[in-house]
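So you can see what is in the structure, the chains are spelled out below.
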Amino acid sequence: MANIKPKFWKPGTEAPGVGLKEERSQPTEGTEGSGSCVVYNPYVSLSIEQQRQRLPVFKHRNHILYLLEKYQTVVIVGETGSGKTTQIPQYLLESGWAAHGHVVGITQPRRVAAVTVAQRVAEEKGAIIGHEVGYAIRFEDCTDPESTKVKFMTDGYLVREMMSDPLLSKYSVIMLDEAHERTLYTDIVVGLLKKIQRKRPQLKIIVASATLDAEAFRDFFNQNDSRDNSLDTAAILTVEGRTFPVDVFYALSPVPDYLKETVETIMKIHKTQPAGDILAFVTGQDEVEQILRLVIEQIRNLAPNKYMKMLALPMYGGLPARDQMKVFERVGKNTRKVVIATNIAETSITISGIVYVIDSGFVKIRAYSAQTGIEGLVITPVSQASAEQRAGRAGRVRSGKAYRLYTEEDFHKLPKSTVPEMQRSNLSTVILQLKCLGIDNVLRFNFLSPPTSKAMIRGLELLYALGALDNNAKLTQPMGVRMAEFPLDPLFAKMLLMSGEFGCSEEVLSIAALLQVQNIFLTPSNQKIAAERAKRKFAVTEGDHLTMLNVYEAFIKYGKNSKWCHENFLNYKGLTRALTIREQLKRLLRKFKVKLESSEGDPDVVCRCIVSGFFANAARLHPSGSYRTIRDNHELHIHPTSVLYTEKPPQWVVFHEVLQTSKDYMRDITVVEPEWLYELAPHYYQFGTDMEISAKRAKAD
Ligand code: CDP
Ligand code: MG
């Protein structure tokens, strides 16, 4: 069976694990390239061999192999479901690219995808996963160094692998999959691979994308500076899915409420247009559910027998797989299917039968402000490329129609393409990892889309304040190097590495582990009050971190019992997962010789230790009743789920993260003394720059 063991990242040393950070920051539903989604297989009744031959890439098999011989880099464009991910690695295997101990590596932006496609490929080959075909993600290495020839992994994992094998010498081909998503790590891998390819020209790179933005990738990898195309080192191959023309209609005047307009457009299509299914794009789960309710209400009011029947279905990342599957099911001849979806239906899945598309013109994405240092989810207008991609979904079975709920004039004002994550993320982790890979001048790194210098500087500044970089912006020894090895945000890494000095590593380990999993507290909608009461049993005035610690300790005390969790509205699975993560983190602390001891119930040292990592996330109460960040005076609020959401809000706090919805909410908050900030982060809160800290000190004296 699957051989699961920790991954060794440097010979003889212990595994740091990979991308643990993803656990909680899993793309939230409704963000680009969102959550997990099911895979629909229309040919499931055929033999595996017949299924493979039906896929659009099959016709291009020989051409792909030819291009790979001729060029160093091949960009392959083909729509979702055409067979890129599952077939190309097998073609490479069949034609000898994994001979002589070489490995074909395929990167995925998401861990779930890495596991499921590896399983699918193993199944197609009639093999057991973890042998010839394997996968490696975070703390799970399901490969065998002797026999694995095709290895699926997250792109973050590949970056870590470069730390021990900078030239990726065991790989003959790296396939960078789902490149159109342009995630933070996709972009980093792209830059690093280009560097490697210069030193190792025999390393072949395949970039696989589901959208047509292939030129940027080809031009980036093409090392031919002359005008003579015959000297190109990179080429594009397009696997054409059959597509039909799509007529685009615009709103004649700006739409004040796109949710209402979506519902109206759905009903108008239903009443006036011939048979054909409808796909509507909105930004998130809430909107999907809201529109669904309104449409169902309208369906009830339809005059019977006058129109065809109508079946409305939701589709978003957080929807249980069983319900996701429903959008693929066939409906009767006299029924029209309406799918209301988030961006997940733009590229991640393909629903057949869609003839009408409604595009709200908006999308929910992760965003970062270098001004305030705050990262969160925001709703923004789509890009032109996105709008085209959405419209294209209507032309898969016959010619279709796309209704854009914005004016043509506004369409032309939209950005050409979606801003890559690299340009809307907090960069401290990226900078730290690049530095660890020996890229000292990160500002000069060959980025496919360079981030703003402001974001870079903010990242560097934070790393400096954390003690990871010295005055010359070099990684410090041992702190900076160790922080880079930690598979967590630098803020967590710092807190954990400092915990020995504060004498509370046992407590801080538990807190750090719990913060990696989502929703420790459960609140079923029909038992809100009981759940709230249960939570209050663990609550303490120090805040959410120590409340979580109480939960953890009680969980251990009650024998890690699932029944006990159930009675107390606690997430048993999440807590169990936290135990595993805690073990991994503890091993790392041991490796770095951090003293492992408990504070024996002293809350102050634990809170101070949290501040030593999270001082940058500090805020104080403002007379208005909201909070302001200390560095940037940015307005924040206590999230209603916090135990500190009370009538008497504390003066000074540090928080784990910000959730942007109607307001910017702080989540996971601990009460602090202002002196701690000054004392533990003198670089960050310079003497005299914060009058109130000094004032408070004076008063205390
Ligand atoms: O990568 P791309 O979207 O081009 O296609 P793929 O992931 O290779 O999938 C090709 C086909 O394999 C799908 O259309 C499904 O029919 C099938 N498949 C499956 O049945 N189960 C999976 N886990 C993955 C793919
Ligand atoms: Mg794919």
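Just so we're clear, the structure is a prediction, and the values are computed from it rather than from any experiment.

Trainee: Which residues make up the site of ligand 1, and what values do they have?
Mentor: The full set close to ligand 1 counts 14 residues, and Gly81, Gly83, Lys84, Thr85 and Thr86 are the nearest of them. Note that an oxygen atom of ligand 1 is positioned 2.6 Å from one of the side-chain N or O atoms of Thr85. In this structure, Thr86 approaches ligand 1 through a side-chain N or O atom, which is 2.6 Å from an oxygen atom. In isolation ligand 1 has 530 Å² of accessible area, and contact with the protein removes 87% of it. With three residues, the top contributor of residues to the shell around ligand 1 is helix H4 (residues 84-94). Of the residues contributing to the shell around ligand 1, the split by class is four nonpolar, seven polar and three charged.

Trainee: Account for the packing of helix H19 (residues 505-514) against helix H24 (residues 603-614), naming residues and giving values.
Mentor: Orientation of H19 relative to H24, taken along the N-to-C sense of each, is 55°, at an axis distance of 10 Å. Classified by the angle their axes make, H19 and H24 are oblique. Crossing of H19 over H24 shows right-handed handedness. Where H19 approaches H24, its residues Glu507, Val508 and Ile511 are matched on the opposing element by Val606, Cys609 and Ile610. Of the residues that constitute the contact of H19 with H24, the class distribution is five nonpolar, no polar and one charged.

Trainee: I'd like to hear about the packing of aromatic side chains, residue by residue, with values.
Mentor: Applying the stated criterion to the full structure yields twelve aromatic pairs. Ring centres of Tyr258 and Phe362 lie 4.9 Å apart, and the angle between their planes is 20°; on these two criteria the pair is classed as stacked. On the criterion of sequence distance, the pair formed by Tyr258 in helix H9 (residues 258-272) and Phe362 in strand S14 (residues 362-369) is long-range, its members being 104 residues apart. The partly exposed category is assigned to Phe362, whose relative accessible area is 27%.

Trainee: How would you sum up the environment of Pro109? Please name residues and give values.
Mentor: Within the fold, Pro109 resides in the loop between strand S2 (103-108) and helix H5 (111-124). Separated by 100 residues in sequence, Pro109 and Ser209 have C-alpha atoms that sit 12 Å apart. Beyond its immediate stretch of four places on either side in the chain, Pro109 contacts Asp155, Asp177, Glu178, Glu181 and Thr183.

Trainee: Describe the pattern of salt bridges, and please don't skip the residues or the numbers.
Mentor: Going through the model one piece at a time under the given rule, you end up with 30 salt bridges. A salt bridge links Arg120 to Glu124; its shortest N-O distance comes to 2.8 Å. Note that Arg120 and Glu124 are positioned in helix H5 at a spacing of four residues, about one turn of the helix. Here Arg120 falls in the partly exposed class, since its relative accessible area comes to 23%. Close ionic contact of Arg182 with Asp187 constitutes a salt bridge, the shortest N to O distance being 2.7 Å. Judged by its relative accessible area of 14%, Arg182 falls in the buried class. Judged by its relative accessible area of 1%, Asp187 falls in the buried class. It is possible to trace a salt-bridge network through shared partners that takes in Arg52, Arg61, Glu94, Arg120, Glu123 and Glu124.

Trainee: Which residues make up helix H23 (residues 572-591), and what are the values?
Mentor: The terminal C-alpha atoms of H23 lie 29 Å apart, and with 20 residues this matches the ideal 28 Å at 1.5 Å per residue to within 8%. For H23, the complete set of buried residues consists of Gly574, Leu575, Ala578, Leu579, Ile581, Arg582, Gln584, Leu585, Lys586, Leu588 and Leu589. Of the residues that open H23, the one with a side-chain oxygen 3.3 Å from the backbone nitrogen of Lys573 is Asn571. A positive phi of about 60° marks Lys593, the residue just after H23.

Trainee: Tell me what's going on with the sheet that holds strand S3 (residues 133-137), and back it up with residues and numbers.
Mentor: Judged by pairing direction, the sheet is mixed, and its eight strands sit side by side in the order S4-S3-S5-S2-S6-S7-S1-S8 without closing on themselves. Whereas interior strands pair on both sides, the edge strands pair on one side only; in this sheet they are strand S4 (140-142) and strand S8 (234-239). This sheet shows a mean twist of 20° between the axes of neighbouring strands, independent of strand direction. Pairing analysis gives four bridges linking strand S6 (residues 171-176) to strand S7 (residues 204-209), with the strands arranged parallel.

Trainee: Explain the coordination of the magnesium ion (ligand 2) to me, using residue names and the numbers behind them.
Mentor: Each pair of donors in an ideal octahedron of six around a metal sits at 90 or 180 degrees, and each pair in an ideal tetrahedron of four sits at 109.5 degrees. Within the protein, Thr85 (OG1) and Glu178 (OE) serve as the donor atoms for the magnesium ion (ligand 2), at 2.0 to 2.8 Å. Remark: Glu178 occurs in the loop between S6 and helix H7 (184-199) and Thr85 occurs in helix H4; sequence separation between them is 93 residues. Assessed through its relative accessible area of 11%, Thr85 is described here as buried.

Trainee: Break down the domain arrangement of the protein for me, citing the residues and quoting the values.
Mentor: Interfaces are often sized by the amount of accessible area the parts lose when they come together. Under the domain assignment, the protein is made up of domain 1 (18-239), domain 2 (246-421), domain 3 (427-469) and domain 4 (470-680). Computed from C-alpha atoms alone, the centre-to-centre distance between domain 1 and domain 2 is 30 Å.

Trainee: Give me the sheet that holds strand S11 (residues 309-315): which residues, what numbers.
Mentor: The sheet built from six strands is open, its strands ordered S9-S16-S13-S10-S12-S11 with parallel pairing. Each having just a single partner strand, strand S9 (246-250) and S11 make up the two edges of the open sheet. The mean inter-strand angle of the sheet, taken between neighbouring strand axes irrespective of direction, is 20°. As paired elements, strand S10 (residues 277-281) and strand S13 (residues 354-359) share five bridges and run parallel to each other. Within S13, the position partnered with Leu279 by the bridge is Val357. Sitting on the sheet, H9 touches S10, S11, strand S12 (335-341), S13 and strand S16 (400-404), and the angle it makes with S13 is about 155°.

Scoring rules and cut-offs
- Residues numbered from 1 in each chain as written.
- Chains lettered and ligands numbered in written order.
- Predicted model: local features only at pLDDT ≥ 70, side-chain atom pairs only at ≥ 80, totals over all residues.
- Heavy atoms only, no water.
- Near = heavy atom within 4 Å.
- Polar contact = N/O pair within 3.5 Å; in protein donor to acceptor, adjacent residues only side chain to side chain.
- Areas by Shrake-Rupley, 256 points an atom, 1.4 Å probe, with all protein chains shown as cover.
- Helix = DSSP H or I, 4+ residues; strand = E, 2+ residues; numbered from the N terminus.
- Nonpolar A, V, L, I, M, F, W, Y, C, P; charged D, E, K, R; others polar.
- Axes fitted to C-alpha atoms, helices over the stretch in contact; angles between N-to-C directions.
- Parallel < 35°, antiparallel > 145°, perpendicular 65-115°, else oblique.
- Left-handed = near helix turned anticlockwise from the far one by under 90°.
- Contact = heavy atoms within 4.5 Å.
- Phe/Tyr/Trp six-rings, centres within 6.5 Å; stacked < 30°, edge-to-face > 60°.
- Buried < 20%, exposed > 50% of the residue type's maximum accessible area, 1.4 Å probe, protein only.
- Salt bridge = Lys/Arg side-chain N within 4 Å of Asp/Glu carboxyl O.
- Expected span 1.5 Å × (residues − 1).
- Pairing = 2+ DSSP bridges.
- Donors = N, O, S within 2.8 Å, 3.2 Å for Na, K, Ca; no water.
- Domains from an automatic or database assignment.

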